[in-house]
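Secondary and tertiary structure notes
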Amino acid sequence: MTSLSARPKWPLSATCSFTETQSEKDMSGSLDGSDDGRSSPYNIVDNARLRDPEVGEGLLQREIGNQTDLDSSSENGFGWTVFWIVVNTLATIGIVFTNKAIFSDPSLKLAQLTFAAFHFFMTWLLLFTLSRRRFAYFHPRRISLRDIIPLSLAMSLNVILPNLSLAFSSVTFYQIARILLTPTVATMDFVLYRSKLPRNAILALVPACLGVAMVSYYDSLPTQDANVKTTSSLGVLFAFCGIFASSLYTIWIKSYQRKLKVSSMQLLFNQAPVSAFLLLYAIPFIDTFPTWVEVPARRWLMILMSGIFAALINLSQFFIIGQTGPVSSTVVGHLKTCLIVALGWATSGRSVGDKSVIGVFVAVGGIIT
């Protein structure tokens, strides 16, 4: 927890430019002795400084010290950015393969709602900790239950459907299918809110759809090799339903933030417990529970790691967007996609000559270019 308490410094580029510009104006005004027809007390002070060498030398040293502090702050900010990018990348890779290992256990594959409720609880616990006075990363704001229930339902589907896709498909197909999320969000935003459809989203839609279609076909074909991991028809169905649910959830987040005038963390702080509470009503009727005492200790450890990874992803994504902006966050997303696809392919048992590799390159090439 000590790393969290050392709160990272935000970029100071705007502050630096303002300070330098103001200093240049003040210095130029004092050197030429003109004030452009305006009476300014800075000219008197600056002239006095110029007449006194000791004062002038002290001023110069102070300005050099301030610039050194700003450079140090920029270096610290860059270091924290790299740190959170590494954390986000490793946590995302970790949660995909950890969840895949958990769902490979038949006794846990059909307990998806319980698993999602556990993730929501871990996310809320992290946000509750960060909202305390010691950290104060954001100020909690209460949202009425009537306003938050539709978004909480969408949040639940956004987690459950992709997890079901991962349980019934290969890691490679699961991640390749998620590539369709970006163009689908752009298209849905255009249909629902008449937002301008970005040209890049249109261009990325064609190769992304073509690549995902090729991977869906070849990855779902039966194989004689028991070591090759394939995708079932249920995995394909859950994948496309998950893409639709995730796209709708993403669009609603932006809409709810504007309507309720809250930050993303304030919104998530209200969503997570409501989503977990709503799932409690459906868990007894939908989930098939294992015999808990027969679940091995390593599976319990994986479940705990999965919850920690989910909390780290939410936390690191907040810092990445806050310090670098959405463009850099998108680049990080592409990096994670390539790494997960490569690792998924390496662990799938498929050969390099497998035809589905063509679809992988077409889909990944579409989002990168």
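Here the structure is a predicted model, which means the values were calculated and not measured. (Residues numbered from 1 in each chain as written. Predicted model: local features only at pLDDT ≥ 70, side-chain atom pairs only at ≥ 80, totals over all residues. Heavy atoms only, no water.)

Structural notes on the pattern of salt bridges
Going by this rule: In what follows, salt bridge is the name for a side-chain nitrogen of Lys or Arg lying within 4 Å of a carboxyl oxygen of Asp or Glu. What counts as a helix is a DSSP run of H or I of at least four residues, what counts as a strand is a run of E of at least two, and both are numbered from the N terminus. Here the term buried applies to any residue with accessible area under 20% of the maximum for its type, exposed to any over 50%, and partly exposed to those in between, with areas from a 1.4 Å probe on protein chains only.
The final tally for this structure, using the stated rule, is one salt bridge. A salt bridge links Arg 299 to Asp 105, with the shortest nitrogen-to-oxygen separation between them at 3.3 Å. On the criterion of sequence distance, the pair formed by Arg 299 in helix 13 (residues 297-324) and Asp 105 in the loop between helix 4 (53-103) and helix 5 (106-109) is long-range, its members being 194 residues apart. Across this residue pair, the class does not change: Arg 299 and Asp 105 are buried.

With respect to the side chain of Asn 99
Heads up, the rule is: Note on definitions: a residue-residue contact is assigned when non-hydrogen atoms from the two residues lie within 4.5 Å.
Looking at the element boundaries, Asn 99 is found in helix 4. With residues near it in sequence (within four places) discarded, Asn 99 still touches Phe 115, His 119, Asn 163, Leu 166 and Ser 306.

Here we look at the nonpolar core
To keep it simple, the criterion reads: The criterion is simple. A nonpolar core is a set of buried Ala, Val, Leu, Ile, Met, Phe, Trp, Tyr and Cys residues joined through side-chain atoms within 4.5 Å.
Ranked by internal contacts, the top residues of the largest apolar core, which has 47 residues, are Phe 120, Leu 130, Leu 267 and Leu 279. Counting only elements with at least two residues in this core, the list comes to helix 4, helix 6 (112-131), helix 7 (145-167), helix 11 (233-260), helix 12 (264-286) and helix 13. Discounting chain neighbours no more than four positions away, the residues touching Leu 130 are Phe 135, Ala 136, Tyr 137, Phe 138, Met 265 and Leu 315.

Some points on the confidence of the model for the protein
Selection rule: pLDDT is a per-residue confidence score from the predictor, ranging from 0 to 100.
Taken residue by residue, the protein gives an average pLDDT of 76. The fraction at 70 or more is 70%. Per-element mean pLDDT across the protein ranges from 38 in helix 2 (residues 13-32) up to 92 in helix 7.

As for the environment of Phe 115
Its location among the elements puts Phe 115 in helix 6. On the basis of relative accessibility, which here comes to 6%, the residue Phe 115 falls in the buried class. Considered as a pair, Phe 115 and Asn 163 are 48 residues apart in the sequence and their alpha carbons are 9.3 Å apart. When near neighbours in sequence (up to four residues on either side) are disregarded, Phe 115 contacts Asn 99, Ile 102, Phe 103, Asn 163, Ile 303 and Ser 306.

A short note on the environment of Leu 110
Relative to the helices and strands, Leu 110 resides in the loop between helix 5 and helix 6. Between the alpha carbons of Leu 110 and Leu 164 there is a distance of 8.6 Å; along the sequence they are 54 residues apart. Residues contacting Leu 110, with those up to four places away along its chain left out, are Phe 168, Ile 286, Asp 287 and Thr 288.

Observations concerning the packing of aromatic side chains
Just so we agree on the cut-off: Side-chain rings of Phe, Tyr and Trp, where Trp is taken by its six-membered ring, are said to pair if the distance between their centres is within 6.5 Å; with planes under 30 degrees apart they count as stacked, over 60 as edge-to-face, and otherwise as tilted. Sitting over a ring, as applied to charges here, requires NZ of Lys or CZ of Arg to be within 6 Å of the ring centre and within 35 degrees of the ring normal.
For the structure shown, the criterion picks out 11 aromatic pairs. Between Phe 138 and Phe 269 the ring centres are 5.8 Å apart and the planes differ by 70 degrees, which places this aromatic pair in the edge-to-face class. Here the residue Phe 138 occupies a position in the loop between helix 6 and helix 7, and Phe 269 occupies one in helix 12, the gap between them amounting to 131 residues. The exposure classification of Phe 138 matches that of Phe 269, with both residues buried. Clustering of aromatic rings is evident, with ring pairs tying together Phe 121, Trp 124, Phe 128, Phe 138 and Phe 269. One cation-aromatic arrangement involves Lys 109 over Phe 168; the distance from NZ or CZ to the ring centre is 4.9 Å.

Considerations on a nonpolar patch on the surface
The condition that has to hold: Exposure above 30% relative accessible area and no salt bridge define the residues that can form patches, which grow by joining like charges within 9 Å and nonpolar side chains of Val, Leu, Ile, Met, Phe, Trp and Tyr within 5 Å. Surface exposure here means Shrake-Rupley accessible area, sampled with a 1.4 Å probe, where a residue is shielded only by the protein chains that are shown.
Together, Phe 78, Val 82, Val 86 and Leu 90 line one region of the surface with nonpolar side chains, adding up to about 390 Å² of accessible area. Looking at the secondary structure, you find Phe 78 in helix 4. Taking relative accessible area as the criterion, Phe 78 reaches 59% and is therefore assigned exposed.

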